[in-house]
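Overview (structure and organization)
Residues per chain, in single letters:
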Amino acid sequence: MKAAARSVSVMSATVLAVATLAACSSSPKLAPELAMPQLPAEQREVIDVRLEFRSKQNLSDNVVQLPSHSVKRGSSVVINVPASLIEAGASKGEKGQDFKTKDFFNEAEQQIEKVFIGNNFRVISRSKFEAKLRDLRDAARCDLANYRCLLDQVAPEARPVLEDLKAKFDAGKINAVDYTTQIALFKEKMQTASAGRTRSEDQRELTDISEVIRAAQSGDIQADYILQINVFDTKKRVRAVADLRRETKVRTFISGYPSLQAALETGGKHEVTCAIVGTELNAKLIHVKTGEIVWIGSHELNEFSSGVQSIGVELGQRTYVANANDIRNFVVSQNEPYMRQLRYNQPVQVPSPVMRTDLIGPMVNVGRCEKDWKFDDETRSQLARKVAHDLISTIRSGS
């Protein structure tokens, strides 16, 4: 019995040992875990570019002065403004009013006067000519034979005098010659109804150039020249466009990253377009005595070409590993137990980094670049003064 028990015990130990060896021999073999490779760090380079929006117009090309006419130093000049410019300034809040005249033209007119005075011209106030032109218009409005018209023109307190003369003439107490003579004498001394009154908005004085010349030739207040303002617009809509490819700094930068050339031209990224305010002034100088046009000039400025505003643009590149996520996902998946078992004693190649360079911008980072026009008063005033100064400064006077 004892021998049989020892035999069973030995047999059990042998089976356990064999089972243990069998279990050990069936465990899967795993490859080592993959380490995440060190990827190149992202690199950025950004440049700032100050854009120059060069004017397409040359002031000297838009100005001409009559060589055969010598504008003498000390000549007198009066500034004439067309009605279309004056009327818009009357009520700046009214719908439909452009508000492009009184306030803005007054500033431009002062600048014109300063330039004239600095160039040895004598500037005559328009108010003097307006008064003279009013007198000329009133004098021409009625002939001496039109009693009703004369009566309407005189001040109410003077009407009895006219009525008395008319009654004497109708009664035959004075003849036609005496009546006409006395009416003429009275008309020279009478105060017309327009004297001292403010003209209505539709009765501007210095609007018709022929009347202005007439006023400048008559009476004790005369002018040698009339500056006729034809166009004065402080609300021009201008689109300023700058091509970044023409900028030396941009070309140098892009040459270091050739792949950015196509990216810059995609979707018009090479252009910076801004909606800006422009101003235009067109005028001519008329010699009153001869009626000759001795100078003609036109000039345009905008926020950029005048130096009132400027634009700065940021442009750059970003170089990075484009497949960084693919590499990470590959390493993570290869470190799973099943994948480690499959690649046991098998070579595994981690994907190589694929480098990519993207364009940054361009973005406006200095100045104002609007998509739609915004007409602020300060900018318009500055432009009005500058365009007036630049243009009128081209009128040359001699000895």
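Above this text you will find the structure in question.
Residues numbered from 1 in each chain as written. Predicted model: local features only at pLDDT ≥ 70, side-chain atom pairs only at ≥ 80, totals over all residues. Heavy atoms only, no water.

Looking at the sheet that holds strand β2 (residues 63-65)
Spatially, β2-β7-β6-β5-β3-β4 is the arrangement adopted by the 6 strands of the open sheet, whose pairing is mixed. The sheet terminates laterally at β2 and β4 (122-123), the two strands that pair on one side only. Lying over the sheet, helix α13 (residues 377-392) contacts β2, β5 (225-243), β6 (271-287) and β7 (293-302), oriented at roughly 145° with respect to β7. (Pairing = 2+ DSSP bridges. Helix = DSSP H or I, 4+ residues; strand = E, 2+ residues; numbered from the N terminus. Contact = heavy atoms within 4.5 Å. Axes fitted to C-alpha atoms, helices over the stretch in contact; angles between N-to-C directions.)

Some points on unusual backbone geometry
Residue Pro362 follows Gly361 across a cis peptide bond; omega there is 5°. You can see Pro362 is positioned in strand β9 (residues 355-366). The backbone of Asn120 shows a phi angle near 70°, a positive value even though the residue is not glycine. Relative to the helices and strands, Asn120 resides in the loop between α3 (102-118) and β4. When its relative accessible area of 34% is taken as the criterion, Asn120 is described as partly exposed. Phi is positive for Asn345, which is not a glycine, with a value near 60°. Overall, the relative accessible area of 65% leaves Asn345 in the exposed class. (Buried < 20%, exposed > 50% of the residue type's maximum accessible area, 1.4 Å probe, protein only.)

Regarding helix α9 (residues 248-255)
Listed as buried for α9 are Val250, Phe253 and Ile254. Looking down the long axis of α9, one finds its buried residues gathered within 95° of arc, a one-sided arrangement. What points out from α9, more than 90 degrees from its buried face, is the exposed set Thr248, Thr252 and Ser255. Looking at the packing, one finds that the buried side of α9 touches β1 (43-51), α10 (260-265) and β8 (311-321). (Arc of directions from axis to C-beta.)

Let's talk about the pairing of strand β3 (residues 76-80)
Among the 5 residues that make up β3, 5 are buried, leaving the element largely enclosed by the rest of the structure. Neither face of β3 is exposed, since Ser76, Val78 and Asn80 on one face and Val77 and Ile79 on the opposite face are all buried. Looking at chain direction, β3 and β5 are connected through 4 bridges and run parallel. Bridge assignment links Val77 to a residue of β5, and that residue is Tyr225.

Considering the nonpolar core
Counting residues in hydrophobic clusters, the biggest one holds 29 residues, and the most contacted among them are Leu227, Ile229 and Trp295. For this core, the secondary-structure elements that each account for two or more residues are β3, α3, β5, β6, β7 and α13. If you tally residues by element for this core, the top one is α13, at 6 residues. In contact with Leu227, not counting residues within four places along its chain, are Val77, Val78, Ile79, Asn80, Ile112, Phe116, Ala283, Lys284, Leu285, Trp295, Ile392 and Ile395. Counting 21 residues, the second largest nonpolar core, distinct from the first, contains Ile47, Ile254, Leu315 and Leu359. (Core = buried A, V, L, I, M, F, W, Y, C linked by side-chain atoms within 4.5 Å.)

A closer look at the state of the cysteines
Under the definition given, this model contains 1 disulfide. Cys274 shares a disulfide with Cys369; S-S distance 2.0 Å. Here Cys274 and Cys369 share a disulfide; its torsion about the S-S bond, -105°, makes the bridge left-handed. Of this pair, Cys274 sits in strand β6 while Cys369 sits in the loop between β9 and α13; the two residues are 95 residues apart in sequence, bridging distant segments of the chain. What makes Cys274 buried here is its relative accessible area of 0%. (Disulfide = S-S within 2.5 Å.)

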